[in-house]
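Next come the chains, spelled out residue by residue.
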Amino acid sequence: DTAVSQTPKYLVTQMGNDKSIKCEQNLGHDTMYWYKQDSKKFLKIMFSYNNKELIINETVPNRFSPKSPDKAHLNLHINSLELGDSAVYFCASSQDSFRRGLHLIFGSGTRLTVV
Amino acid sequence: GQQVMQIPQYQHVQEGEDFTTYCNSSTTLSNIQWYKQRPGGHPVFLIQLVKSGEVKKQKRLTFQFGEAKKNSSLHITATQTTDVGTYFCAGQGYSTLTFGKGTMLLVSP
């Protein structure tokens, strides 16, 4: 019954590997997001999709590629993982885009550790 | 670009004491949102303020939005150990939602 679910919860991997994080929401929301939270707890937006269309693409290394097969799913693929990619990645959704001033529902996060 | 500053970064109080965190934006906001993140958890939406000078209460929590719509505060009266966590403000600009760096609240029994 989880509104925004992401998998896996924990991911430990070696430098140079490629990994994916999956996110699904069952709220019927139109917009989904990926946020990165670093060790200092700072929440930084990475990407946003509205109805499968990319609407926010912040300055993020192009090793990070989001994919939205439908409006209920937003996955994050990371190539050639680096130590600095270690963080907690949160998926979130909202009923509409930021322009409508709607709040976010966050998933429980994926703690990525690159060794 | 839009910047949202939040202070203090960290506060440790005794149970029963009051707590306040402040949020300031470099630009006028259309609304401000507050989220709470428990240790090991994810941010959870608490409230949204839209009108200039708006004040909203949720039990022991009082949220204010400044007259100029550039600052906001969250005040907790008589903290409890369940209030522990990091409180984030998030300022809504034209097309972006910018999070402050959060205030971590520790409450000792």
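In what follows, the structure referred to is the one given above.
Right, let's walk through the structure included here. Keep in mind the model is a prediction, meaning the values are calculated, not measured.

A few words on the packing of aromatic side chains. For the coordinates displayed, the defined rule picks out 12 aromatic pairs over all chains. Relative to B:Phe99, the ring of B:Phe88 has its centre 6.3 Å away and its plane inclined at 80°; by these criteria the two rings are edge-to-face. Linking B:Phe88 in strand β9 (residues 85–92) with B:Phe99 in strand β10 (residues 97–99), this pair joins segments that are 11 residues apart in sequence. When sorted by exposure, B:Phe88 lands in the same class as B:Phe99, which is buried. An aromatic cluster is present here, built from A:Tyr33, A:Tyr35, A:Phe90, A:Phe106, B:Tyr35, B:Phe45, B:Phe88 and B:Phe99 joined pairwise through their rings.

Further remarks concern the interface of chain B and chain A. The interface is formed by 19 residues belonging to chain B together with 16 residues belonging to chain A. For the pair chain B and chain A, the two sides together bury roughly 1600 Å², of which 61% comes from carbon and sulfur. A per-residue breakdown of the area chain B buries against chain A is headed by B:His42, B:Pro43 and B:Phe99, which together make up 27% of the total. Our count for the chain B to chain A interface comes out at 0 salt bridges.

On to the nonpolar core. Generally speaking, nonpolar side chains in soluble globular proteins are found buried as a group. Ranked by internal contacts, the top residues of the largest apolar core, which has 20 residues, are B:Ile32, B:Trp34 and B:Phe63. The set of elements that each furnish at least two residues to this core consists of β3 (19–25), β4 (31–37), β5 (44–49), β7 (61–65), β8 (71–76), β9 and β11 (103–108) of chain B. Among all residues touching B:Phe63, those that are not within four sequence positions of it are B:Trp34, B:Leu46, B:Ile47, B:Leu49, B:Glu54, B:Val55, B:Lys56, B:Gln58, B:Ser73 and B:Leu74. Judged by nonpolar contacts, the second largest core, of 19 residues, contains A:Tyr49, A:Leu74, A:Leu76 and A:Val114.

Residue and element names in this part refer to chain A. In the structure shown here, the tally under the stated rule is 5 salt bridges over all chains. Across the pair Asp30 and Lys71 runs a salt bridge, and its minimum N-O distance is 2.8 Å. Here Asp30, found in the loop between β3 (19–25) and β4 (31–37), pairs with Lys71, found in the loop between β7 (64–70) and β8 (73–78); they are 41 residues apart in sequence, far enough to count as distant. The class of Lys71 is partly exposed, set by a relative accessible area of 33%. Its salt-bridge partner being Asp85, residue Arg63 comes within 2.8 Å of it at the nearest N-O pair. A residue pair is termed long-range when its members are at least 10 positions apart, and Arg63 in the loop between β6 (53–57) and β7 and Asp85 in the loop between β8 and β9 (87–94) qualify at 22 residues. Take Arg63 and Asp85: they sit in the same class, and that class is buried. Residues joined by salt bridges that share partners form a network here, namely Arg63, Glu82 and Asp85.

Residues and elements named next belong to chain B. As summarised here, the arrangement of the 5 strands in space is β1-β3-β8-β7-β6, forming an open sheet in which the pairing is antiparallel. Strand pairing shows two members of the sheet lacking a second neighbour, β1 (4–7) and β6 (55–58), which therefore form its edges. When the angles between neighbouring strand axes are averaged without regard to direction, this sheet yields 15°. Strand direction decides the pairing type here: β3 and β8, joined by 6 bridges, are antiparallel.

The next point concerns the side chain of B:Thr86. Inspection of the secondary structure puts B:Thr86 in strand β9. A residue is classified by how much of its surface remains accessible, and B:Thr86, at 4% relative accessible area, is buried. Not counting residues up to four positions away in its chain, the partners in contact with B:Thr86 are A:Lys41, B:Tyr35, B:Lys36, B:Gln37, B:Gly102, B:Thr103 and B:Met104.

Turning next to the sheet that holds β7(A). Residues and elements named next belong to chain A. Ordered in space as β1-β3-β8-β7, the 4 strands form an open sheet in which the pairing is antiparallel. Only two strands of the sheet have a single partner each, and these edge strands are β1 (4–7) and β7. Averaged over all pairs of adjacent strands, the angle between strand axes in this sheet comes to 20°, irrespective of strand direction.

Rules behind the numbers
Throughout, residues of each chain are indexed from 1 in the direction in which the sequence is written. Key to labels: chains lettered from A, ligands numbered from 1, both in the order written. Only residues with pLDDT of at least 70 get local features here, since the model is predicted, and only at 80 or more are side-chain atom pairs given and counted; chain-wide, interface and lining totals rely on the full set of residues. To get the side-chain values, all heavy atoms of the structure are used, and hydrogens and water are removed first. Working definition: rings of Phe, Tyr and Trp (its six-membered ring) pair if their centres are within 6.5 Å, and the pair is stacked with planes under 30 degrees apart, edge-to-face with planes over 60 apart, and tilted otherwise. In this text, helices come from DSSP runs of H or I with a minimum length of four residues, and strands from runs of E with a minimum of two, each type numbered from the N-terminal end. Relative accessibility decides the category of a residue: with a 1.4 Å probe and only protein chains considered, values under 20% of the type maximum give buried, values over 50% give exposed, and everything between is partly exposed. Every residue pair with non-hydrogen atoms within 4.5 Å of one another is taken to be in contact. Note: buried area is the sum, over both parts, of the accessible area (probe 1.4 Å) each one loses when the two are combined. We define a salt bridge as a contact between a side-chain nitrogen of Lys or Arg and a carboxyl oxygen of Asp or Glu at a distance within 4 Å. The nonpolar core is taken to be a set of buried Ala, Val, Leu, Ile, Met, Phe, Trp, Tyr and Cys residues, with the residues joined through side-chain atoms within 4.5 Å. Two strands pair if DSSP finds at least two bridges between them. The axes used here are C-alpha line fits, helices contributing only the stretch in contact, and every angle between their N-to-C directions lies in the interval 0 to 180 degrees.

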